[in-house]
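# Structural overview for review
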Amino acid sequence: MANVKFVNEDTEIVVADGANLRFKALENRIDIYTFSGKLMNCGGYGQCGTCVVDVVAGGENLSPRTQVEERKLKKWPESCRLSCQTTVHGPVSVVTKPNRKALVQAKTSKSA
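Read on for an overview of the structure. (Residues numbered from 1 in each chain as written. Predicted model: local features only at pLDDT ≥ 70, side-chain atom pairs only at ≥ 80, totals over all residues. Heavy atoms only, no water.)

Side chains of strand 1 (residues 2-6) alternate between two faces, with A2, V4 and F6 buried and N3 and K5 left unburied. Judged from the five bridges that link them, strand 1 and strand 2 (residues 11-15) form a sheet pairing that is antiparallel. Bridging across to strand 2, V4 finds its partner in I13. Once strand 1 ends, the chain turns through four residues before running back antiparallel as strand 2, passing D10 with a positive phi of about 50°. As defined by bridge partners, strand 1 adjoins strand 7 (residues 92-96) across three bridges and the pair is classed as parallel. Bridged to K5 within strand 7 is S93. (Buried < 20%, exposed > 50% of the residue type's maximum accessible area, 1.4 Å probe, protein only. Helix = DSSP H or I, 4+ residues; strand = E, 2+ residues; numbered from the N terminus. Pairing = 2+ DSSP bridges.)

This is how it looks when you write it as structure tokens:
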């Protein structure tokens with residue numbers, strides 16, 4: 001069992017080892033999609049790139065990035081994942097609906 005903390009929602013859920021992050025978020029009524037993502041999401045097949053989350057802690061407890069994620073998240077920081085492609089294997093904290101421009105700017109200024 002693993003704890004998943006959704007930072008923006010101030011909510012923590014417990015999931016089984018190997019659980020899909022997107023499925024468990026939706027099952028627990030965590031809104032992971034922006035408005036356009038709600039209209040255009042692919043249903044969890046990794047085709048649309050709308051279920052992005054920013055992993056702020058516990059990234060080592062997630063499955064490795066898939067080839068789909070590498071392709072869809074080229075312009076996102078390494079801490080970002082597609083929740084539909086991610087399985088949980090330990091405690092993790094994520095931010096839903098991250099702003100790509102703000103994240104890239106923040107991560108660039110930290111490394112400078």
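This part is about the pairing of strand 7. The buried fraction of strand 7 is high, at five of five residues. On strand 7, burial covers both faces: V92, V94 and T96 on one face and S93 and V95 on the other are all buried.

Turning next to the sheet that holds strand 7. Read across the open sheet, the five strands follow the order 2-1-7-4-5; overall the sheet is mixed. Each edge of the open sheet is held by one strand with a lone partner, namely strand 2 and strand 5 (80-82). Neighbour-to-neighbour, the strand axes of this sheet turn through a mean angle of 35°, independent of strand direction. (Axes fitted to C-alpha atoms, helices over the stretch in contact; angles between N-to-C directions.)

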